[in-house]
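Residue-level listing of the chains:
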Amino acid sequence: MIPAAGFPNRQGLHFTRASPRPYICGLSLRPPEEYGRGEVNQTNCQEADFAGRSISLLIQPHETAERAGPAVRVEHLSLKYGGQVALDDVSLSVGRGSSFALLGPNGAGKTSLISVLATLRDADKGLVEVAGHDVCRASRQVRLSIGMVFQDPSLDDRLSAEENLDFHGRVYGIPGRLRAEAIDRVLDLVELTGWREAIVRSFSGGMKRRLEIARALMHKPQILFLDEPTVGLDAQTRARIWAYLNRQRRERGLTLLTTTHYIEEVEDADRICIIDKGRIIAEGTPGQLKRELGQSFLHVVAATPADHAALLAAYPDSHAVSPEALAIPAGDEDFVAGFLARFGNRLREMRFEGPTLEGVFLSLTGRVLRDRTDGEREAQRNAGRRAGRR
Amino acid sequence: MSSFLPILRGIHGVWLREIMRATRDKGQLLGGVSRPLIWLLILGVGLNPYFRGEVFGEVRLVLPYSYLQFLFPAVIVLNIMYTSIQFAVSVIWDREFGFLREILVSPMPRWAVLLGKVLGGATAATGHGTLVLILARFADVTLTAPQVAQAIAYMFALSFALTCFGVVLAGKVRSFEGFGVFSNTVILPLYFASSSVFPLDPSLTRTQLVASYPEWLIMLIYANPITYAVDALRGILINFNQFPPHIGFGLVGIGMIGFFLWALRSFGR
Ligand SMILES: Nc1ncnc2c1ncn2[C@@H]1O[C@H](COP(=O)(O)OP(=O)(O)OP(=O)(O)O)[C@@H](O)[C@H]1O
Ligand SMILES: [Mg+2]
């Protein structure tokens, strides 16, 4: 038990011993009964050094405290399109104020899952709760508490940036003055203030994307769904938007549920869920996944087709990451030494990769994650070809 | 209810977007102006002398109106039909270009979204109908202020019903290209088979009518709801009715509710 005397306001403190380490829940004047119990976890706690002991403080903002429980709860969800299964017995839970990443190859069912969460599609089976409300029975409440960035464009490109945002504000019932303020705020965030009156059709792809993200934030949602939000954005803009989103997370408990193809963005997520062919195949913090499932890989390109075949025969558990390149699971340094002794002079290229999320993904699905934009991949391939010819 | 004001705000927002799009669409605006001009200037003026039966020396007035006067209300209805039914393109556009999803994840109920859209489309169509009213003097139709007000109110109701009909059509059609052909095959037959460009002389009995027109055409005209819609507008604008005017008003009223409910069923799927 932690002595509570050190805190000025005893009434707002609430102790729980549900976890091995003591947590203090809620720094608020609300009576403790109003807080949900049992939802303390790594993701909605901030660690603080208190009285020489490391304890965790649960920072739970007022508006989200009204409904206890996780931001998103999915149990045994199944979804079919005609006869084709898109989601198969999916269960997951996203803590409030956390950042959750969905990772999966094309056609895995990420967009389908988000559509169900956003009330756009009805599940065939299973329970889905968003912001504490059932998506079927209380879809209006759900829609009021979520913001959405779609994978595909969803702007009216014949209207100006401001008109698009104004439309959004009206449809979400935001009154006039607040609407104007919100438009200023979000346009500034995505640095489109100078393009306020420009027709969206004249925007570049990245600018449109930024405008969509701005729009999704306008009505201050509790939960934000981002379906591959940063495809086509330059690194600077991406960093700026993530910084803003993370600040919103800290300050008002915004929950983020993202699908992304940028591994480096996933590394920052609190939890990652890997999904393939409609099923969840792994879930955990990035550290956990790498520790438990991560493998080192040796990425190699053989010098000749004959060598390639020899490599395949010697290492049947290797994955083909491209027509030429192979990823061979590498145990440790000894493995590499042994490998080099055998094949060292029959390679054109070799790269050692320690445990990464890409590696986790590769060993789980046998495929590389298509994490690069097409342009980038094309450029790499061309560069490789040029190097090969020389 | 406290959630009513936000919904009104949302309906207004949806309406506003339709209006902005209609006023910015130069092609649609051009069509709205040129269509009545062509019909009245060329067809109306061209057929005007024949309407009186003066051609073969014998003067027989079919109706106590000139052809231009007779045609004028029908051209208004034609303009409204085009704009309302073409409104379906806006619905298809939203669906194909993803904007519909932005609306469907918003907290607005579906009926409110549809109401906003339909009100917007109906306003634009009424605007195009009102454009024709400006040509009234040219067609020898003199209008009093209450007549104009009555006509605009009626035109709005008709536009609303037809716009809902357009949304229903949008639910059945998958592509823009398909819709262009489709709308013409719907609008023009409905229009021509509605006693819009030629009168059914009300003084004739049914047997006499059948003597001058083939039976199937008369059946078609009687079965066509646009016949009564045009007739009711004639009643308002030139005080001439071939049928009891309440049939037209009743049909428009039923159309507003019926098509709205039907459109609601197909909207957003
Ligand atoms: N409207 C639809 N009708 C029929 N099948 C669909 C539909 N939408 C998706 N699917 C199918 O459902 C599966 C999952 O699709 P989904 O769009 O959810 O994948 P995703 O993980 O978002 O992929 P991506 O990374 O390409 O966006 C795919 O096999 C796809 O073919
Ligand atoms: Mg997708």
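The structure we're discussing is the one just above.
Caption draft 1: Summary view of the pattern of salt bridges. Overall, the coordinates contain 26 salt bridges over all chains when judged by the stated rule. R73 of chain A serves as the salt-bridge partner of E75 of chain A, at 2.7 Å between the closest nitrogen and oxygen. The exposure class of R73 of chain A is partly exposed, given its relative accessible area of 26%. Where R17 of chain B meets D94 of chain B, a salt bridge forms, and the shortest distance between an N and an O atom there is 2.8 Å. Of the two residues, R17 of chain B is situated in helix α1 (residues 4-24) and D94 of chain B in helix α3 (residues 67-96); the sequence distance between them amounts to 77 residues. What makes D94 of chain B buried here is its relative accessible area of 1%. Residues participating in the shared-partner salt-bridge network are D156 and R158 of chain A together with R17, E18, R21, D94 and K117 of chain B.

Caption draft 2: Spotlight on the pairing of strand β6 (residues 84-94) of chain A. Residue and element names in this part refer to chain A. As paired strands, strand β5 (residues 72-81) and β6 are joined by seven bridges and run antiparallel to one another. Among the inter-strand pairings, L79 is bridged to a residue of β6, identified as L87. Taking the residues that link successive antiparallel strands as the turn, the β5-β6 hairpin has two residues, and the phi of G82 there is positive, at about 60°.

Caption draft 3: Inspection of the coordination of the magnesium ion (ligand 2) at higher detail. All names here are of chain A. In the first shell of the magnesium ion (ligand 2), the protein supplies T111 (OG1) and Q151 (OE1), at 1.8 to 2.1 Å from the metal. Taken as a pair, T111 in helix α2 (residues 110-117) and Q151 in the loop between β10 (146-149) and α4 (161-171) lie far apart in primary sequence, 40 residues in all. On the basis of relative accessibility, which here comes to 32%, the residue T111 falls in the partly exposed class.

Caption draft 4: Broad picture of the site of ligand 1. All names here are of chain A. Around ligand 1 sit 15 residues, and of these G107, K110, T111, S112 and Q151 come closest. Side-chain polar atom of N106 to an oxygen atom of ligand 1: 2.9 Å apart, as the coordinates give it. For ligand 1, an oxygen atom lies 2.8 Å from a polar atom in the side chain of Q151. If ligand 1 stood free it would expose 640 Å²; the protein chains cover 66% of that surface. For the shell around ligand 1, the secondary structure elements donating two or more residues are β6 and α2.

Caption draft 5: How the structure looks around the sheet that holds strand β18 (residues 347-353) of chain A. Residues and elements named next belong to chain A. In spatial order, the strands read β16-β17-β15-β18; together these four strands make up an open sheet with antiparallel pairing. Each edge of the open sheet is held by one strand with a lone partner, namely β16 (319-320) and β18. Note: strand β15 (residues 296-302) against strand β17 (residues 325-330), six bridges, orientation antiparallel. Bridged to F297 within β17 is P329. Here helix α11 (residues 333-343) sits on the sheet in contact with β15, β17 and β18, set at roughly 180° to β18.

Caption draft 6: Fine view of the packing of aromatic side chains. All names here are of chain A. The final tally for this structure, using the stated rule, is 19 aromatic pairs over all chains. Aromatic side chains Y315 and F335 sit 5.7 Å apart centroid to centroid with 65° between the ring planes, which places their arrangement in the edge-to-face category. On the criterion of sequence distance, the pair formed by Y315 in the loop between α10 (305-314) and β16 and F335 in helix α11 is long-range, its members being 20 residues apart. Aromatic ring contacts, followed pair by pair, group Y315, F335, F339 and F343 into a single cluster.

Caption draft 7: Geometry of the packing of α3 of chain B against helix α10 (residues 225-238) of chain B. All names here are of chain B. Packing of α3 against α10 leaves a shortest axis separation of 9 Å and a crossing angle of 125°. It follows from the interaxial angle that α3 and α10 lie oblique. The hand of the α3/α10 crossing is right-handed. Contacts from Q69, F70, F72, P73, A74, I76, V77 and M81 in α3 reach I226, V230, L233, R234, L237 and I238 in α10. Along the lines of polarity and charge, the residues of the contact of α3 with α10 split into 12 nonpolar, one polar and one charged.

Cut-offs used in this document
- Residues numbered from 1 in each chain as written.
- Chains lettered and ligands numbered in written order.
- Predicted model: local features only at pLDDT ≥ 70, side-chain atom pairs only at ≥ 80, totals over all residues.
- Heavy atoms only, no water.
- Salt bridge = Lys/Arg side-chain N within 4 Å of Asp/Glu carboxyl O.
- Buried < 20%, exposed > 50% of the residue type's maximum accessible area, 1.4 Å probe, protein only.
- Helix = DSSP H or I, 4+ residues; strand = E, 2+ residues; numbered from the N terminus.
- Pairing = 2+ DSSP bridges.
- Donors = N, O, S within 2.8 Å, 3.2 Å for Na, K, Ca; no water.
- Near = heavy atom within 4 Å.
- Polar contact = N/O pair within 3.5 Å; in protein donor to acceptor, adjacent residues only side chain to side chain.
- Areas by Shrake-Rupley, 256 points an atom, 1.4 Å probe, with all protein chains shown as cover.
- Contact = heavy atoms within 4.5 Å.
- Axes fitted to C-alpha atoms, helices over the stretch in contact; angles between N-to-C directions.
- Phe/Tyr/Trp six-rings, centres within 6.5 Å; stacked < 30°, edge-to-face > 60°.
- Parallel < 35°, antiparallel > 145°, perpendicular 65-115°, else oblique.
- Left-handed = near helix turned anticlockwise from the far one by under 90°.
- Nonpolar A, V, L, I, M, F, W, Y, C, P; charged D, E, K, R; others polar.

Nothing here speaks to function; it is all geometry.
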